[in-house]
Amino acid sequence: MPSTGHSRGLAGIPGYTGESGPDGSAPGYRARRTLGLRVEARRQLTRRRTQISLGFLVALPFILVAAFSFGEPGDGNPQTALVDLATSGAANFTVFTLFVSSGFLLVVIVALFAGDTVASEASWSSLRYLLAIPVPRSALLRRKLLVALGYCVFALVLLPVMAYLVGGAFYGWAPLRTPLGGSISGSEMIVRLIIAVAYLTVVLLFVAALAFLVGVYTDAPLGAVGGAVMLVILSNILDTITALGEWRRFLPTHYWLAWTDVLGTEVVWNAMVRGALWSLGYSVVLLAWAWWHFERKDITS
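What you see is a predicted model, and the numbers here were worked out from it, not measured in a lab.

**Concerning the overall build of the chain**
Point 1. Along the chain, the regular secondary structure elements total 12 helices and two strands.
Point 2. Taken from the N to the C terminus, the helices and strands of the chain come in the order α-α-α-α-α-α-α-α-β-β-α-α-α-α.
Point 3. If you take every contact in the chain between residues at least 6 apart in sequence, the share linking residues at least 24 apart comes to 78%.
Point 4. Summing over all exposed atoms, the chain offers an accessible surface of approximately 15,900 Å²; the carbon and sulfur share of this is 66%.

This is the structure:
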């Protein structure tokens, strides 16, 4: 049978034999080269929500400084100790910034990065085209998750770094003062802050996994982000009900403030280890659930 012009054109491709691969793929097709991490990272960086979220984290320390400039010194009440110590130096300002943002702001940002990444593709009707390139479903989820987690980690590092620099510029570089009256300085102070940020990163992995799971179930990005945030709020509400007793320890948010144990004379690890293990356990289950569902999902949008 005479060859067509199209075949003659393909014959010029090195290694082309005129036959498809063993899996039926086109000549030269490599699944691992579709939708690379750099491509996905650039795509997410150009998103307006990514730029606004990271920009707000940069601006937040300046907003807090402006708020403190209009206030008056605290009265030393132990319940507001972190607020009273916030302007005593860069380290304390960083601790205060983490304290006020970890309960809600960072939850929303992590849920936004992780929950929006797949749901937005479905809402734009571009998910089926990505799979038709074809990008393997497992590879699509893996790369989107890795990029989303990368931006989450970047956000969780960006905020304390900016808080430390802004706090130092406005309040000086004094040692970290603890609510118990002690102080921590030098490299030990930096290590304590790194431990606090690392623990928050591990704990918020649960939020990312939860938002990612909701995101593969829906084509509404706002629903994915809002659903994850509402479930976290529900967990926080249940954690305040003392009638639940020991059952509260099983809630994923029960140990979220355990990072404040770095402010003592010595670091207390018990609560942080429990919180990290619970977060990792929940995250593994939620991500496995997301993979199981997406591999079987009928992509029609």
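That shown, we press on.
**What to know about the side chain of S53**
Point 1. Secondary-structure assignment places S53 in helix 3 (residues 48-70).
Point 2. Within the structure, S53 has its side chain in polar contact with the backbone oxygen of R49 (distance 2.7 Å).

**Comments concerning the packing of helix 8 (residues 137-171) against helix 10 (residues 205-217)**
A pair of packed helices is characterised by two quantities: the angle between their axes and the separation of those axes.
Point 1. Interhelical geometry of helix 8 versus helix 10 gives an angle of 140 degrees and a closest axis separation of 11 Å. Compared by their axis directions, helix 8 and helix 10 come out oblique. With respect to the hand of their crossing, helix 8 and helix 10 are arranged in right-handed fashion. From helix 8, L141, L145 and L149 reach across to helix 10, where they touch L205, A208, F212 and V216.
Point 2. Looking at the contact of helix 8 with helix 10, its residues break down into seven nonpolar, no polar and no charged.

**Topic: the side chain of D116**
Point 1. Here D116 shows up in helix 6 (residues 105-123).
Point 2. D116 sits in the buried class, given a relative accessible area of 5%.
Point 3. Side-chain polar atoms of D116 contact the side chain of R49, separated by 3.0 Å.
Point 4. Once residues lying within four places of it in the same chain are set aside, the contact partners of D116 are R47, R49, A111, P221 and V225.

**As for the environment of F113**
Point 1. Relative to the helices and strands, F113 resides in helix 6.
Point 2. Judged by its relative accessible area of 2%, F113 falls in the buried class.
Point 3. Remark: the alpha-carbon pair of F113 and V147, spanning 34 residues in sequence, is separated by 8.9 Å.
Point 4. Those residues within four positions of F113 in sequence are excluded, and the remaining contacts are R49, T50, S53, L54, A148, Y151, C152 and A155.

**Brief notes about the nonpolar core**
Point 1. Within the largest apolar cluster, 72 residues are counted, with the highest numbers of intra-cluster contacts made by Y199, L204, V207, F212, V216 and W256.
Point 2. Every element with two or more residues in this core is listed here: helix 3, helix 5 (90-102), helix 6, helix 8, helix 9 (186-203), helix 10, helix 11 (221-239) and helix 12 (270-296).
Point 3. When residues of this core are assigned to their parent elements, the largest contribution, 13 residues, is made by helix 8.
Point 4. Not counting the four nearest positions on each side in its chain, Y199 is found in contact with Y255, W256, A258, W259, A271, M272, G275 and A276.

What counts, and where the lines are drawn
Residues numbered from 1 in each chain as written. Predicted model: local features only at pLDDT ≥ 70, side-chain atom pairs only at ≥ 80, totals over all residues. Heavy atoms only, no water. Helix = DSSP H or I, 4+ residues; strand = E, 2+ residues; numbered from the N terminus. Contact = heavy atoms within 4.5 Å. Areas by Shrake-Rupley, 256 points an atom, 1.4 Å probe, with all protein chains shown as cover. Polar contact = N/O pair within 3.5 Å; in protein donor to acceptor, adjacent residues only side chain to side chain. Axes fitted to C-alpha atoms, helices over the stretch in contact; angles between N-to-C directions. Parallel < 35°, antiparallel > 145°, perpendicular 65-115°, else oblique. Left-handed = near helix turned anticlockwise from the far one by under 90°. Nonpolar A, V, L, I, M, F, W, Y, C, P; charged D, E, K, R; others polar. Buried < 20%, exposed > 50% of the residue type's maximum accessible area, 1.4 Å probe, protein only. Core = buried A, V, L, I, M, F, W, Y, C linked by side-chain atoms within 4.5 Å.

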